[in-house]
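# Coordinate inspection notes
As a plain string of letters, each chain reads:
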Amino acid sequence: MPTAAVRLRGGSEEVGAGRLLARSALLLGLTLVTALVLAQVTFRLLRDPDLGASVWWPLGGVAVALLARLPTRDWPAALTGSAVALFLTGVDTHYGVAAALGLALANGGELLLTALLARRAFPRGVLLDSPTAGIRFALCTVSGAMVGALVFTLTQVLDGAGPAWPLFHGYLRAHLLGLLMVSPLFLVAPAEGRRRLDLEWAAQLALTGAVAGGVFGTGQTVVPSFVCAVPLIWGGLRLGPLRAMGSLLLMALIATVGTLQGSGPVVQEPPWAQTLAVQVVLFAATLCTLCVVLTAAEKSALLRAARDDRADLAEAEQIAGTGTAVWDLRTGETRWSEGLYAQLGHSPDSVSPAPEAYLENIHPDDRGVVAATLARVPDAERLPNMEFRLLRPDGTERIMTVRNRIDRDPDGTAVQVRSTVLDVTATREAEAALRRTHRALDAVANVAIVGIDPATHLITFWGRGAQELLGWTAEETIGRRTPLIYHLPAELDRAMAETGLTDPVRAAAEVMAAGARRWTWVRRDGSHFAGQGSLTTVTGPDGEPETLIGVIVDLGPV
C-alpha cells in the first residue's frame, strides 16, 4: 500500500507538471502571435520614418494589462513571448541585432517592473475605482516606463543610434501614451465584462472610423481633430469602459496612420513637432474618453444605489405595513411609494397618484373629515394625525392612521406635505378583541382574574371581580403593584421552600402553575378569605411568555 500511494502521488505530480507545461506553452504561443501583430502594426504603421520613433506603443499597454490579469507563475511565458516577438520584428524592420536585443530588454524590464509594482500596489487586482488608485497606478506605470526608457537609451547609444535625450523622451512619451490608452481596461473588475449592446457598439465603431477617416484620411485641414470626440463620448456614456477603449484605439490608429501619410489637420514640420502634435491629440482624446467613462460609471453607480434604496424601502414598508406620500403644493405633483399602492390594493399602472384619487378609496363616512383636513393645508401650521377606513377594490376594509408633516420654504410658505400611512387594522382588531375579553371576564362573579407581566411581575390587568374580591382598584394596581399584595407571607415562604426559589412571586407562580390548590388570600383591608388559585402562561408568536393569567376563586359561597 505505501508503495502504491507513493506511485499515485508521483503520477499526480507528473500530471500537474504536464498541465502546467502545456498551459505555459499555450500562453507563450498566444502571447508571441499577439505581440508579433502589435509589433508589426507599431513598426510599420505607427512609426515616424523621419523621426525614427513610434508615435505610441500599443504593445506596452496591452502587455501590462495582460500581466495584471495573469498569476505570477504565468509571467515568464508572457514576457518571453513579448520579448521574442519584439526582437524578431525589430530585426525584420528597422533595427540591427544588438539594437533589437536592447529594445526587447528595455521593453521586458519595463513590463516586469510595472507589473511588480502594480501587484504590490493592488494585491487584489488593478481596479481604478478611486483617485487614489489612479495615482498609484500612474506611479507604477511612470516608474516602469522611465526604467525602460533608460535601458533603451543606453543600449541604443552604445549601438551608435544617436543622441540620448531624443531617444529617452521619445520612448517615454510613446510608451506612457500606449499605457494611458488601455487604462480603461482597469476601470472594471475582470468579472464585470458585459456581452450586450453589440449592435450599438458596431454602429459606434463604424461612426468612429468614419469620422476619424474623414478628419485624418482625406487630406482636409479645415475640420479640427476634436470632432472625433463625438463618437468617443457616445461610447463612453453608453457602452462601458472596454468598448470605449476599443473605439479609442481605432480612432488613434486612423489618426496616426493618416498623419504619418501626410493627411489631416495636424500635419506639420519638423517631424518631431508633428509627432508631438499627434500625441497631444491622442492624449486629449484618451482623457476625454476616461472622463466620460468615469462619469457614466458614477452615474450608473448612483442609479444602482437609488434602485437598491427603493427596493429596501419597499421591503421595509411591506414588513411594517406602511406607505408614504409626497404632495408638492406648488406643482400639484404627488408621489406614492410602493407600500402605499399595496395598502390601496392598486398597482402603479392602475391609478395615478393624486389627493383626489386617494380620497376616492376612503370610506364614505370618513371621507369628509379627511377632505376638510387636506383643504386646510395651505393655511395650517400643522396637520393633525388622522385615522380612517380604506375600502379596497376587493371589498376589504382596512383601518389607517396617518402622520403628516408640512415642509416650508424660507419665507414660511407651505411647499410640500409628507405623509406616512400605517395600516393599524390588526392592532385595532386586537384591541377590540381584548375589550370583549375584558367585558367577558368582568361578568364572572366571585372570581378574580389578574394579568401579570412575566418579566417585571407587575399587574397588567385587574378585572371587576378582582376589585370586588380583593378591594384594590385597577388604578391602584395596574403597572404599580405585584401579586405580593394579595398573598399571605407565610404561604409565600412555604412556596419558596417547596420550589427552592428566592423570588416569592416566581415561587408562588411556579406552585400555582403546577395545578390549582387552596390558598389564603389577603384583601386590601387586611382581612383573609379562602380561595382556589391557578396560573396560566400565555405565549406569543415567538413562543416566549407574553403574559400570565391568574385566576382566584372565592370558596366562601361554596
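Everything here concerns the structure above.
If you're wondering where the values come from, they're calculated on a predicted model, not measured in any experiment.

## Here's the deal with the overall build of the chain
Helix and strand counts for the chain come out as 18 helices and 12 strands. For a compact globule of 558 residues, the expected C-alpha radius of gyration is about 24 Å, and the chain comes in at 42 Å, more than 25% above that figure. With the principal axes as the frame, the chain shows a C-alpha extent of 125 × 85 × 40 Å. Buried positions account for 39% of the 558 residues belonging to the chain. Within the chain, contacts between residues separated by at least 24 positions form 56% of all contacts whose residues are at least 6 apart in sequence.

## Quick look at a nonpolar patch on the surface
Together, Leu51, Trp272, Leu276 and Val280 line one region of the surface with nonpolar side chains, adding up to about 370 Å² of accessible area. Tracing the backbone through its elements, the reader meets valine 280 in helix H10 (residues 271-320).

## With respect to the nonpolar core
Counting 26 residues, the largest nonpolar core has Leu67, Leu111, Phe122, Val126, Leu128, Phe137 and Phe186 as the members making the most contacts within it. Elements represented by at least two residues in this core include exactly helix H2 (58-69), helix H3 (75-92), helix H4 (97-121), helix H5 (131-158), helix H6 (164-181) and H10. Per-element accounting of this core gives the leading share, 5 residues, to H2. Those residues within four positions of leucine 128 in sequence are excluded, and the remaining contacts are Phe122, Ala133, Gly134, Phe137, Ser183, Phe186 and Leu187. Grouped together as the second largest cluster of nonpolar side chains are 24 residues, Val450, Trp462, Trp472 and Ile485 included.

## Some points on a negative patch on the surface
Residues Asp308, Asp309, Asp312 and Glu315 make up a contiguous surface patch of negative charge. With respect to the secondary-structure elements, aspartate 308 resides in helix H10.

## What about the sheet that holds strand E12 (residues 545-554)?
Read across the sheet, 5 strands follow the order E9-E8-E12-E11-E10 without closing on themselves; strand pairing throughout is antiparallel. The open sheet has two edge strands, strand E9 (459-462) and strand E10 (517-522), and neither has a second partner. When strand polarity is set aside, the average angle formed by the axes of neighbouring strands in this sheet is 35°. In the sheet, strand E8 (residues 447-452) pairs with E12 via 6 bridges, with the strands oriented antiparallel. Note on E12: the bridge partner recorded for valine 450 is glycine 550.

## What about the packing of helix H17 (residues 489-499) against helix H18 (residues 504-513)?
In the contact formed by H17 and H18, the axes pass within 8 Å of each other and the chain directions differ by 75°. In terms of orientation, H17 and H18 fall into the roughly perpendicular class. Only Pro504, Ala507, Ala508, Glu510 and Val511 of H18 make contact with H17, whose side of the interface consists of Leu492, Ala495, Met496, Glu498 and Thr499. Residue composition of the contact of H17 with H18, grouped by class: 7 nonpolar, 1 polar and 2 charged.

## Section: the sheet that holds strand E6 (residues 397-408)
The strand order E4-E3-E7-E6-E5 describes an open sheet built from 5 strands, whose pairing is antiparallel. For this open sheet the edge positions go to strand E4 (334-336) and strand E5 (386-391), each flanked by a neighbour on one side alone. Ignoring which end each strand starts from, the neighbouring axes of this sheet average 25° apart. Pairing between strand E3 (residues 322-328) and strand E7 (residues 414-423): 7 bridges, direction antiparallel.

## Topic: the side chain of threonine 547
Position of threonine 547 relative to the elements: it lies in strand E12. Residue class for threonine 547 comes out buried when judged on its relative accessible area of 18%. One polar contact links the side chain of threonine 547 to the main-chain carbonyl oxygen of isoleucine 452, over a distance of 3.3 Å. Not counting residues up to four positions away in its chain, the partners in contact with threonine 547 are Ile452, Pro454, Thr460, Thr536, Thr537 and Val538.

## Some thoughts on helix H8 (residues 229-238)
Those residues of H8 lying buried are Pro231, Leu232, Gly235 and Gly236. With its buried residues spanning 140° around the axis, H8 presents them on a single face. Exposed residues on H8 whose side chains face more than 90 degrees from its buried face are Val230 and Leu237. Considering only its buried residues, H8 is in contact with helix H7 (198-216), helix H9 (240-260) and H10. Count one or two residues on from H8 and you reach glycine 240, which has phi positive near 90°.

## Describing the pairing of E7
The side chains of a regular strand alternate between the sheet's two faces. The sheet contact formed by E6 and E7 spans 9 bridges and is antiparallel. Bridge pairing in E7 links arginine 408 to alanine 414. Joining the antiparallel neighbours E6 and E7 is a turn of 5 residues, in which glycine 412 adopts a positive phi near 90°.

## Here we look at the pattern of salt bridges
Opposite charge on two side chains allows them to pair when their charged atoms are near. This structure, assessed with the given rule, holds 13 salt bridges. Measuring nitrogen to oxygen at the nearest pair gives 3.9 Å for the salt bridge that ties arginine 389 to aspartate 365. You can see arginine 389 sitting in strand E5 and its partner aspartate 365 sitting in helix H13 (residues 364-375), a full 24 residues away along the chain. One continuous salt-bridge network, built from bridges that share partners, spans Asp365, Asp366 and Arg389.

## Let's talk about the environment of glycine 214
Summarising the element assignment, glycine 214 is placed in helix H7. Along the chain, glycine 214 and glycine 556 lie 342 residues apart, while their C-alpha atoms are 112 Å from each other.

## Considering the environment of alanine 17
Here alanine 17 is to be found in helix H1 (residues 2-45). When its relative accessible area of 46% is taken as the criterion, alanine 17 is described as partly exposed. A C-alpha to C-alpha distance of 40 Å links alanine 17 and threonine 153, two positions 136 residues apart in sequence.

## Digging into H13
For H13, spanning 12 residues, the distance from its first C-alpha to its last is 17 Å, which sits close to the expected 16 Å at 1.5 Å a residue. Taken together, the buried positions of H13 are Asp366, Val370 and Thr373. Looking down the long axis of H13, one finds its buried residues gathered within 55° of arc, a one-sided arrangement. Exposed side of H13, more than 90 degrees from the buried face: Pro364 and Ala375 are the residues found there.

## So, unusual backbone geometry
Cis rather than trans, the peptide bond between glutamate 269 and proline 270 has omega equal to -5°. Looking at the element boundaries, proline 270 is found in the loop between H9 and H10. Phi is positive for histidine 457, close to 70°, though the residue is something other than glycine. As for its position among the elements, histidine 457 is in the loop between E8 and E9. In this structure histidine 457 comes out as buried when scored by relative accessible area, which is 13%.

Procedures and definitions
- Residues numbered from 1 in each chain as written.
- Predicted model: local features only at pLDDT ≥ 70, side-chain atom pairs only at ≥ 80, totals over all residues.
- Heavy atoms only, no water.
- Helix = DSSP H or I, 4+ residues; strand = E, 2+ residues; numbered from the N terminus.
- Rg over C-alpha atoms; globule rule 2.2 N^0.38 Å.
- Buried < 20%, exposed > 50% of the residue type's maximum accessible area, 1.4 Å probe, protein only.
- Contact = heavy atoms within 4.5 Å.
- Patch = residues over 30% accessible without salt bridge, like charges linked within 9 Å, V, L, I, M, F, W, Y side chains within 5 Å.
- Areas by Shrake-Rupley, 256 points an atom, 1.4 Å probe, with all protein chains shown as cover.
- Salt bridge = Lys/Arg side-chain N within 4 Å of Asp/Glu carboxyl O.
- Core = buried A, V, L, I, M, F, W, Y, C linked by side-chain atoms within 4.5 Å.
- Lys, Arg positive; Asp, Glu negative; His and termini not counted.
- Charge placed at Lys NZ, Arg CZ, Asp CG, Glu CD.
- Pairing = 2+ DSSP bridges.
- Axes fitted to C-alpha atoms, helices over the stretch in contact; angles between N-to-C directions.
- Parallel < 35°, antiparallel > 145°, perpendicular 65-115°, else oblique.
- Nonpolar A, V, L, I, M, F, W, Y, C, P; charged D, E, K, R; others polar.
- Polar contact = N/O pair within 3.5 Å; in protein donor to acceptor, adjacent residues only side chain to side chain.
- Arc of directions from axis to C-beta.
- Expected span 1.5 Å × (residues − 1).

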